[in-house]
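# Observations on the model geometry
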Amino acid sequence: MNSIAVTADGIGEAGASSPEAGLDIHDHSDVKDYETVGEPFVEDPKMSARNVNVYYADKQAIMDVSLDIGKNEVIAMIGPSGCGKSTFLRTLNRMNDIIPICRVEGNINLEDQDIYRGDQDTVLLRARVGMVFQKPNPFPKSIYENVAYGPRIHGLAHSKAELDEIVEKSLRRASLFDEVKDALDKPGTGLSGGQQQRLCIARAIAVSPEVILMDEPCSALDPIATARIEELIDELKERYTIAIVTHSMQQAEVGDTKEVFTMPKHELTENYITGRFG
Amino acid sequence: MSKESFTNTAAIQASLKKRYAREKRFQWYGRLAVLTGFVFLFILLADIVGKGAPAFTQQYIKVTVEFDPDRLGVEPGASDEELRKADYLGVVKSSLRAMFPEASGRQEKRQLYRLISIGAEYDLRDYVLDNPELIGQTLDIWLLAHAEAGAYLKGQISRKIPEGDRRVKDIQMQWLDTLREQGRTESRFNTLFFTEGDSREPELAGIKAALYGSFFTLLVTFLLAFPIGVFAAVYLEEFAPRNRLTDLIEININNLAAVPSIVFGLLGLAVFINFFELPRSAPLVGGIVLSLMTLPTIIITSRASIQSVSPSIREAALGVGASPLQTVFHHVLPVAMPGILTGSIIGMAQALGESAPLLMIGMVAFIMDVPGGVTDPSTVLPVQIFLWADSPERGFTEKTSAAIMVLMGFLIVMNALAIYLRRRFELK
């Protein structure tokens, strides 16, 4: 389990081998001299970013980030609002493509394949790198349809029975099945916020992605719903590689990462955690 | 509580009074505005209904008709062909003369004949064709009254008007009074209004041809404007790059929505009729012209509706790997549909009520026949209203209002449909 901190001039902090993590990408142009603490790179990464710069028109949102995401690890990114965490996450499955003024430089590889190469198919990429968004955004269709949509458009199920099975399995993995099994034909938008977010997670895992990106998945939820999603993320790491952006110290602080928060080794990280930032 | 805050409270209370008074005043302005609107609407509707309602009844006169073979010019047992050519007008005339033998001189006789609609002769023909055994018999038959006679029977013509100023003369009034006393007049629901095309005779004129014309025209309009409009909106909103060209297109679409409709009629005349040589007066050309007129409305409302679809739905669809096209058709369009349909139906309602551009392409011609397709010459409801409003006969005044009532009925139905569809799609 890792967390990463990256400073304005693009310094990653921590990787799989490094316990002191906590990613904060911030925008203080006066602060130039941060350095990477720890090891942001791992052996045989699932995804790797090298010297990534992202611009919105003329404004640079991310400066020179290099970072690896190891297989079956949960990498948590924390940092102040507007520092580019979400932007970085969205470059990983090219969701930024739909923003016309957004420009990405540098290399991002998914298993040694450059996803920004000309012939990379974004549809395929997004099937391999799924995403859960900040605000729960189920389709305004039934719960069943929400989960079945991905497998159906990708032709993953060859029969109704197979599709039913995928839907049930996905809902079970998102620990939502028992709550909705009698209401699969009810609209997904009628669920509570926490249930909606778990439905979105079920929808994302229904296409069996290799990586799941989560952009502050709990920011709109109450503590109890948040706790359930956190448990879920902990379970999901068995099967998937997960990159998560969060404002919750608890979420970033999983397993041996705890050290980051209790005994920060880097002054910048300490400043952020203790609230002395900016 | 400190002294300062106490003074504040007093000041706020003082200003509150003023603020509430302002709010009250504003509410009253609003109520007044709504009331004024309703009063005008009521006056308009009351006027139209008051004028149009009599058009839904028609007067019939019971005439003792003698089917005299000599007068008809046929033998009993004559073929259908011979019966068709028989002189039914002569029979009507002689029957009337027999009922009112006091009518003498050409002038009076002509006035006597004018009690009955000229359509009566065709009714008699059809009646005899159905029952050929009637030849040689005498029986009472209800015949449609002439429009002027009907107007007198409905009580629309006052005897106080000097005889020279009215089209129903004193002697005709006497005859009609006699017929009424004998129980030989009757008021019936006007079915002809819905089953006949236009006619020079008010009592025979109906809106069926115009209704069919409107239907065919709107059909063409819908089939062209809806798909083109929606696809244009989808492309411009979801796929087109933002550059000078698309900006220019957007400005042009917005401007087209404000172009006077008669200009579209001129365009239709110049391009579709003169250049492409499509048939004149046809719903096909009318529909094309109206679809040009409706397109901007549909495109603008569809774009607004597509724009208002939450981007999170698009992200969600793209996030599970839907292609941009799948995103649009599976997720954006279904959510945008209520708005698109509302806009389209409002556009179609505009097209239904439009007359100016259709005048330019010849749909103002006098057409009696019900059109059978999109290339048959026809007219539409609003143009029919325009034609009737232009006619001097009293009978057409009430027809005009009655046709307006029918047109408004269709508009209400269409708007109700828009609301219904909107609710239905929104519930999903």
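Residues numbered from 1 in each chain as written. Chains lettered and ligands numbered in written order. Predicted model: local features only at pLDDT ≥ 70, side-chain atom pairs only at ≥ 80, totals over all residues. Heavy atoms only, no water.

## Details of the sheet that holds strand β2 (residues 138-144) of chain B
Residues and elements named next belong to chain B. Counted only if it meets this: Strand pairing is assigned whenever DSSP identifies at least 2 bridges connecting the two strands. Elements are defined by DSSP. Helices are runs of H or I of four residues or more, strands are runs of E of two residues or more, and each kind is numbered from the N terminus. Helix axes are fitted only over the stretch in contact, all axes being lines through C-alpha atoms; the angle between N-to-C directions runs from 0 to 180 degrees.
One open sheet accounts for three strands, arranged β2-β1-β3; its pairing is antiparallel. Of all the strands in the sheet, the pair left with one neighbour each is β2 and β3 (185-189). Each strand of the sheet is rotated relative to its neighbour by a mean of 35°, with strand direction disregarded.

## A closer look at the sheet that holds strand β6 (residues 113-114) of chain A
Note: strands within a sheet are paired through backbone hydrogen bonds, in either parallel or antiparallel orientation. All names here are of chain A. Spatially, four strands are ordered β3-β2-β5-β6 in an open sheet, and the strand pairing comes out antiparallel. The open sheet is flanked by β3 (59-69) and β6, the only strands paired with a single partner. Where strand β5 (residues 102-110) and β6 come together, two bridges link them in antiparallel fashion. Bridge assignment links leucine 110 to a residue of β6, and that residue is glutamine 113.

## Observations concerning the interface of chain A and chain B
Quick note on the threshold: The contact criterion used is simple: two residues touch if any of their non-hydrogen atoms lie within 4.5 Å. The term buried area means the drop in 1.4 Å probe accessible area that two parts suffer when joined, counted for both and summed. Each salt bridge in this description consists of a side-chain nitrogen of Lys or Arg and a carboxyl oxygen of Asp or Glu lying within 4 Å of one another. Residues adjacent in sequence count toward polar contacts only when both atoms are side-chain atoms; beyond that, a polar contact is any pair of N or O atoms within 3.5 Å, and within protein one must be able to donate a hydrogen and the other to accept it. When residue character is reported, Ala, Val, Leu, Ile, Met, Phe, Trp, Tyr, Cys and Pro are called nonpolar, Asp, Glu, Lys and Arg charged, and the others, Gly included, polar.
Contacts between the two partners involve 20 residues from chain A, matched on the other side by 16 residues from chain B. Here chain A packs against chain B, burying approximately 1,500 Å² in sum over the two surfaces, 64% of which is carbon and sulfur. Taken as a group, Phe139, Pro140 and Tyr149 of chain A account for 29% of the area that chain A buries against chain B, more than any other trio of residues on that side. The interface formed by chain A and chain B includes one salt bridge. A salt bridge links arginine 90 of chain A to glutamate 315 of chain B, with the shortest nitrogen-to-oxygen separation between them at 2.7 Å. Between chain A and chain B we count six residue pairs in polar contact (both at pLDDT 80 or more) in total. Among the secondary structure elements, those contributing two or more residues to the side of chain A that touches chain B are α2 (122-128), β7 (129-132) and α3 (143-154) of chain A. Considered class by class, the residues forming the side of chain A that touches chain B number twelve nonpolar, four polar and four charged.

## Focus: the confidence of the model for chain A
All names here are of chain A. The condition is simple: A residue's pLDDT is the predictor's confidence in that residue, given on a scale from 0 to 100.
Overall, the predicted model of chain A reaches an average pLDDT of 77, with 75% of residues at or above 70. Within chain A, the element-level pLDDT minimum falls on helix α9 (residues 258-262), averaging 43, and the maximum on α3, averaging 92. Confidence over residues 1-33 falls short of pLDDT 50; this stretch has 130 contacts with residues more than four positions distant or in other chains. Contacts for the low-pLDDT stretch residues 255-265, under 50 throughout, to residues beyond four places or in other chains number 26 contacts.

## A few points about the packing of aromatic side chains
Where we set the bar: The criterion for an aromatic pair is that two Phe, Tyr or Trp rings (for Trp, the six-membered ring) have centres within 6.5 Å, with stacked assigned to planes under 30 degrees apart, edge-to-face to planes over 60 apart and tilted to the rest. Burial classes follow relative accessibility: with a 1.4 Å probe on protein chains only, a residue under 20% of its type's maximum area counts as buried, one over 50% as exposed, and anything between as partly exposed. As a reminder, the over-ring test applies to NZ of lysine and CZ of arginine, requiring each to be within 6 Å of the ring centre and within 35 degrees of the ring normal.
Applying the stated criterion across every chain, the model contains 14 aromatic pairs over all chains. The interplanar angle of 80° and the centroid separation of 5.2 Å between the aromatic rings of phenylalanine 193 of chain B and phenylalanine 194 of chain B together place this pair among those described as edge-to-face. Here phenylalanine 193 of chain B falls in the buried class, since its relative accessible area comes to 0%. Ring centres of tryptophan 388 of chain B and phenylalanine 396 of chain B lie 6.1 Å apart, and the angle between their planes is 25°; on these two criteria the pair is classed as stacked. Residue classification places tryptophan 388 of chain B among the buried residues on the basis of a relative accessible area of 2%. For phenylalanine 396 of chain B, a relative accessible area of 2% gives the class buried. Every member of this aromatic cluster is reached through a ring pair, and the members are Phe56, Phe189, Phe193, Phe194, Trp388 and Phe396 of chain B. Arginine 103 of chain A extends its terminal NZ or CZ atom over the ring of tyrosine 55 of chain A, reaching a point 4.4 Å from the ring centre. Its guanidinium or amino end placed over the ring of phenylalanine 139 of chain A, arginine 203 of chain A lies 4.5 Å from that ring's centre, counting from NZ or CZ.

## Some points on the packing of helix α13 (residues 283-307) of chain B against helix α15 (residues 324-352) of chain B
All names here are of chain B. Defined as follows: For classification purposes, an angle smaller than 35 degrees is called roughly parallel, one larger than 145 roughly antiparallel, one from 65 to 115 roughly perpendicular, and anything else oblique. By the definition used in this description, the sense in which the near helix is turned from the far one sets the handedness, with an anticlockwise turn below a right angle giving left-handed and a clockwise turn giving right-handed.
Interaxial distance between α13 and α15 falls to 8 Å at its minimum, and their mutual angle equals 150°. Judged on the interaxial angle alone, α15 and α13 are roughly antiparallel. Regarding α13 and α15, the two cross each other, and that crossing is right-handed. When α13 is examined against α15, the residues Leu290, Met293, Thr294, Thr297, Ile298, Thr301, Ser302, Ser305 and Ile306 are found in contact with a partner set consisting of Val332, Leu333, Ala336, Gly339, Ile340, Gly343, Ser344, Gly347, Met348, Gln350 and Ala351. For the contact of α13 with α15, a count of residues per class yields ten nonpolar, ten polar and no charged.

## A closer look at the nonpolar core
Residue and element names in this part refer to chain B. Put simply, the rule reads: Buried Ala, Val, Leu, Ile, Met, Phe, Trp, Tyr and Cys residues that are joined via side-chain atoms within 4.5 Å together make up what is termed a nonpolar core.
Counting 56 residues, the largest nonpolar core has Ile306 and Ile340 as its most contacted members. Those elements giving two or more residues to this core turn out to be α10 (208-239), α12 (261-275), α13, α15, α17 (381-389) and α18 (394-427). Among the elements that take part in this core, α15 stands out by supplying eleven residues, more than any other. Those residues in contact with isoleucine 306 that sit more than four places away from it in its chain are Ala233, Val234, Glu237, Glu238, Arg314, Val332, Leu333, Ala336 and Ile340. Listed in part, the 39 residues of the second largest apolar core include Ala103, Ala120, Ala145 and Ile157.

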